[in-house]
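# Results of the structural survey
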Amino acid sequence: MGQVGEPRPVLEVTDARCHVRHGDVQKDIFAGLSLTLYAGQIVDLVGPSGSGKSTLMECMAQLNADADATMTLDGRSADGFTPEQWRTQVAYVPQRPVLMGGTVAEAIRYPFTLRVRRDSSVRVPDDDTLRRALDDIGLDDVELDRSPQDLSVGQQARVCLLRTLLTGPKVLLADEVDAGLDPDNAMRAAHLLKRAADEGMAVCRVRHREPDGMAMRTLELADGVLTDVTGRAAVGVAKTTAASNDTDTTDTTDTTDTTDTEAQA
Ligand SMILES: Nc1ncnc2c1ncn2[C@@H]1O[C@H](COP(=O)(O)OP(=O)(O)OP(=O)(O)O)[C@@H](O)[C@H]1O
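Predicted model, so just to flag it, every value in this text is computed and none were measured.

A word on the environment of G200. Examined against the element boundaries, G200 turns out to sit in the loop between α6 (183–198) and β8 (202–206). C-alpha of G200 to C-alpha of A215: the two residues are 15 residues apart in sequence and 14 Å apart in space.

Given below as structure tokens:
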């Protein structure tokens, strides 16, 4: 599905905030952040280590007890979902994922066994589907009956990404899923996400690698401020930080392939 006409907002986040306590001291990781993720778009979230990128993703997936935000999904308030229901649609793939089950096939099918998915219209993938999906992502040497614990970290990361994609969420939050991969396999993972976006998923990636041309927008989180830096390096001039701290832009110009936002973060 290409981008025809106005992009459709899927996840709208306003006033995202996270406060943590270190002993007696309360610290704001971030506060008052706003962003919108659109159907069919990949957005990259970049920024210095420790700036709060993973925490912001956890906040969007309602996974962090110290974080909160006002959110809507396809126009419906998050208040109308249980956290479990929310996470079937706003899925987070963490940096260090865990694969449950005795075999790779069981690990990928595990989410389908959860009570919250019992009424889901998404079908449990059969062996042929799993085989094709694994081959697609460069895991043709990984047998379905292999123990997931025997896989390398990079292989586990790709299996986790696949597992989540097969559940068909509306929003996928991928936290450095290509961090442990060589360039070829990082590109395979990127293509997998691009295909999901082309089919209408809203994808947000935390990345520390060079831009790979897949993202339509790049947001930078630094010093508690979220800034749209799409195309910044491409034009050779750093944009000034948005005073409103609101990155809800609908700029669909695909310039990220030449943008090295990481170098400027
Ligand atoms: N539960 C917590 N208690 C205290 N501090 C926390 C907690 N969770 C996160 N932090 C702090 O919040 C900050 C942001 O962490 P986060 O992992 O979100 O950063 P990041 O931008 O994703 O970093 P990286 O790029 O290295 O993965 C860090 O300083 C971290 O130590």
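Right, picking up where we left off after that structure.
Okay, the site of the ligand next. V20, I29, G47, S49, G50, S51, G52, K53, S54, T55 and D66 make up every residue found near the ligand. At 3 residues, helix α1 (residues 53–60) tops the list of elements feeding residues into the shell around the ligand. Grouping the amino acids of the shell around the ligand by side-chain chemistry returns 2 nonpolar, 7 polar and 2 charged.

With that settled, the discussion passes to the pairing of strand β2 (residues 25–38). As paired strands, strand β1 (residues 9–22) and β2 are joined by 10 bridges and run antiparallel to one another. Considered in β2, the bridge of V13 is made with L35. Once β1 ends, the chain turns through 2 residues before running back antiparallel as β2, passing G23 with a positive phi of about 65 degrees.

One open sheet holds the 4 strands; their spatial order is β2-β1-β4-β5, and the pairing between them is antiparallel. Two strands bound the open sheet, and with one partner strand each, they are β2 and β5 (76–77). In the sheet, β1 pairs with strand β4 (residues 67–73) via 6 bridges, with the strands oriented antiparallel. Bridging from a neighbouring strand, R17 pairs with D68 of β4.

It is worth spelling out the nonpolar core at this point. L11, L161, L173, L193 and V203 are the most contacted members of the largest nonpolar core, which has 67 residues in total. Looking at this core element by element, the count peaks at 7 residues for α6. With residues up to four places along the chain from it excluded, the contact list for L11 reads T36, L37, M60, M71, L73, V90, V171 and A202.

Attention shifts here to helix α5 (residues 153–166). With 14 residues, α5 should reach 20 Å at 1.5 Å per residue; the first-to-last C-alpha distance of 20 Å fits that figure. Counting buried positions over the 14 residues of α5 gives 11, a clear majority of the element. Buried within α5 are the following residues: Q155, Q156, A157, R158, V159, C160, L161, L162, R163, T164 and L165. Residues of α5 that are buried in the fold lie against β6 (90–93), α3 (104–109), α4 (127–136), β7 (171–175) and α6. Just downstream of α5 lies G168, where phi reads positive at about 65 degrees.

The buried fraction of α1 amounts to 7 of the 8 residues, a majority that puts the element mostly inside the structure. Within the sequence span of α1, burial applies to K53, T55, L56, M57, E58, C59 and M60. Backbone geometry just after α1 places Q62 at a positive phi near 55 degrees.

Moving on to the packing of α5 against α6. The interhelical angle for the contact between α5 and α6, taken along N-to-C directions, is 5 degrees, at an axis separation of 11 Å. One way to sum up the angle between α5 and α6 is to call them roughly parallel. Touching G154, R158, L161 and L165 of α5 are N185, A189, L192 and A196, all from α6. When grouped by side-chain class, the residues that make up the contact of α5 with α6 number 5 nonpolar, 2 polar and 1 charged.

The rules behind each value
- Residues numbered from 1 in each chain as written.
- Predicted model: local features only at pLDDT ≥ 70, side-chain atom pairs only at ≥ 80, totals over all residues.
- Helix = DSSP H or I, 4+ residues; strand = E, 2+ residues; numbered from the N terminus.
- Near = placed C-beta within 6 Å.
- Nonpolar A, V, L, I, M, F, W, Y, C, P; charged D, E, K, R; others polar.
- Pairing = 2+ DSSP bridges.
- Core = buried A, V, L, I, M, F, W, Y, C linked by C-beta atoms within 7 Å.
- Buried ≥ 20, exposed ≤ 12 C-beta atoms within 10 Å, placed from the backbone.
- Contact = placed C-beta atoms within 7 Å.
- Expected span 1.5 Å × (residues − 1).
- Axes fitted to C-alpha atoms, helices over the stretch in contact; angles between N-to-C directions.
- Parallel < 35°, antiparallel > 145°, perpendicular 65-115°, else oblique.

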